[in-house]
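Chain by chain, the residues run as shown.
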Amino acid sequence: MNQDQLKQAVARAACEYVAVKAPTGAIIGVGTGSTANFFIDELAAIKHRLDGAVASSEATKRRLEGHGIRVLDLNDVDALPVYVDGADEIDHGLAMLKGGGGALTREKIVAAMAEIFVCVCDQSKWVQTLGKFPLPLEVIPMARAQVTRALLQLGGQPRLREGFITDNGNLILDVHGLTISDPVALENRLDHIVGIVSNGLFARRGADVLLLADADGVKTISRPVT
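We now turn to the structure provided with this report. Remember, predicted model here, so these are calculated numbers, not experimental data. (Residues numbered from 1 in each chain as written. Predicted model: local features only at pLDDT ≥ 70, side-chain atom pairs only at ≥ 80, totals over all residues. Heavy atoms only, no water.)

### Observations regarding the pairing of strand β12 (residues 209-214)
So, point 1. Within β12, 6 of the 6 residues are buried, which leaves it mostly tucked inside the rest of the structure.
So, point 2. Pairing between strand β6 (residues 114-122) and β12: 5 bridges, direction parallel. Each residue of the ladder has a partner; that of V120, found in β12, is L211.
So, point 3. Pairing of β12 with strand β13 (residues 217-222) involves 6 bridges; the strand directions are antiparallel. Among the inter-strand pairings, L211 is bridged to a residue of β13, identified as T220. (Buried < 20%, exposed > 50% of the residue type's maximum accessible area, 1.4 Å probe, protein only. Helix = DSSP H or I, 4+ residues; strand = E, 2+ residues; numbered from the N terminus. Pairing = 2+ DSSP bridges.)

Structure follows, in structure tokens:
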């Protein structure tokens, strides 16, 4: 199977997971990116079972609405039984590196409310150590230079994502050259750099379940018990 076929297979598995885990009339959270788009397309088949969805980006909102799926503001929702999203990398402890699509802040907000975070990925995204993919940071525009200096001191190589503005009106710095052996510690450290709105490490709130597609099918991997 090519990568799009793997994404479609895992999207279909995620839709089946939602059908089991989300009660009839539930509202679910939906992430952003190419795999999430495949999931939205599959979700259209069971939209009659849901009361709607919360979108993690304007692009996701448009795709959901294009399928006739009601989109709600998170402030109007009391509970999200399931949140489904992809990742740019995910390690064996189910900590993730996310933000390739630039929606990391809203994704973190929606994920924080979800009872179950389901990550949907193909085999290429499952890694031993995070960091080969550049780590995205959403940054207040006036703080770009200050944040860049702080990241250089951490050993990273930050690069401005040219021509990109987030849904929140901010910039993205993509940090290259990091080997992230302790994602929780780095996530905490980045959270204390003034000017960073959010960072693309989802380690304190990692995935609860990974649906991982490879040539043999889709595997279900649960977060290790610690």
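### Some points on the pattern of salt bridges
So, point 1. Taken as a whole, this structure holds 12 salt bridges when the rule is applied.
So, point 2. Residue D51 pairs with R70 through a salt bridge whose shortest N-O separation is 3.2 Å. Of this pair, D51 sits in strand β2 (residues 50-55) while R70 sits in the loop between α3 (58-66) and β3 (80-85); the two residues are 19 residues apart in sequence, bridging distant segments of the chain.
So, point 3. When its relative accessible area of 48% is taken as the criterion, R70 is described as partly exposed.
So, point 4. E187 is the partner of R204 in a salt bridge, and the nearest nitrogen-oxygen pair spans 3.8 Å. A residue pair is termed long-range when its members are at least 10 positions apart, and R204 in the loop between β11 (201-202) and β12 and E187 in helix α6 (residues 183-191) qualify at 17 residues. (Salt bridge = Lys/Arg side-chain N within 4 Å of Asp/Glu carboxyl O.)

### Examining helix α1 (residues 3-21)
So, point 1. When the terminal C-alpha atoms of α1 are compared, their 27 Å separation across 19 residues agrees well with the 27 Å that a helix rising 1.5 Å per residue should span.
So, point 2. For α1, every residue scored as buried is listed here: L6, K7, A9, V10, A11, A13, A14, C15, Y17 and V18.
So, point 3. Its side-chain oxygen placed 3.1 Å from the backbone nitrogen of D4, N2 serves as the N-cap of α1. (Expected span 1.5 Å × (residues − 1). Polar contact = N/O pair within 3.5 Å; in protein donor to acceptor, adjacent residues only side chain to side chain.)

### Some details on the packing of helix α2 (residues 34-43) against α3
So, point 1. Packing of α2 against α3 leaves a shortest axis separation of 9 Å and a crossing angle of 20 degrees. With respect to α3, the axis of α2 lies roughly parallel. In this structure, the crossing between α2 and α3 has a hand that is right-handed. Touching N37, I40, D41 and L43 of α2 are T60, R63 and L64, all from α3. (Axes fitted to C-alpha atoms, helices over the stretch in contact; angles between N-to-C directions. Parallel < 35°, antiparallel > 145°, perpendicular 65-115°, else oblique. Left-handed = near helix turned anticlockwise from the far one by under 90°. Contact = heavy atoms within 4.5 Å.)

### What about the nonpolar core?
So, point 1. Counting residues in each nonpolar core, the largest one holds 29 residues, and the members touching the most others are V18, I28, F39, L43, V118 and L211.
So, point 2. Listed by contribution, the elements that provide at least two residues to this core are α1, β1 (26-30), α2, β2, β3, β6 and β12.
So, point 3. Top contributing element to this core by residue count: α1, with 8 residues.
So, point 4. In terms of nonpolar packing, the next biggest core, distinct from the first, is built from 22 residues, V110, A111, C119 and L212 among them. (Core = buried A, V, L, I, M, F, W, Y, C linked by side-chain atoms within 4.5 Å.)

### Section: the side chain of E42
So, point 1. Structurally, E42 can be placed in helix α2.
So, point 2. The exposure class assigned to E42 is buried, which follows from its relative accessible area of 19%.

### Some points on the sheet that holds β1
Working definition: the strands of a sheet are paired by backbone hydrogen bonds and lie parallel or antiparallel to each other.
So, point 1. Taken in spatial order, the 6 strands line up as β2-β1-β3-β6-β12-β13 in an open sheet, and their pairing is mixed. The open sheet terminates on both sides in strands that have one partner only, identified here as β2 and β13. Taking each pair of neighbouring strands and ignoring which way they run, the sheet shows an average axis angle of 20 degrees.
So, point 2. Sheet analysis places β1 next to β3, joined by 2 bridges and oriented parallel. The residue of β3 that forms the bridge with G29 is Y83.
So, point 3. Of the strands in this sheet, β1, β2, β3 and β6 touch α2, which is tilted by about 155 degrees from β1.
So, point 4. Its contacts with the sheet place α3 against β1 and β2, and it is angled at close to 155 degrees to β2.

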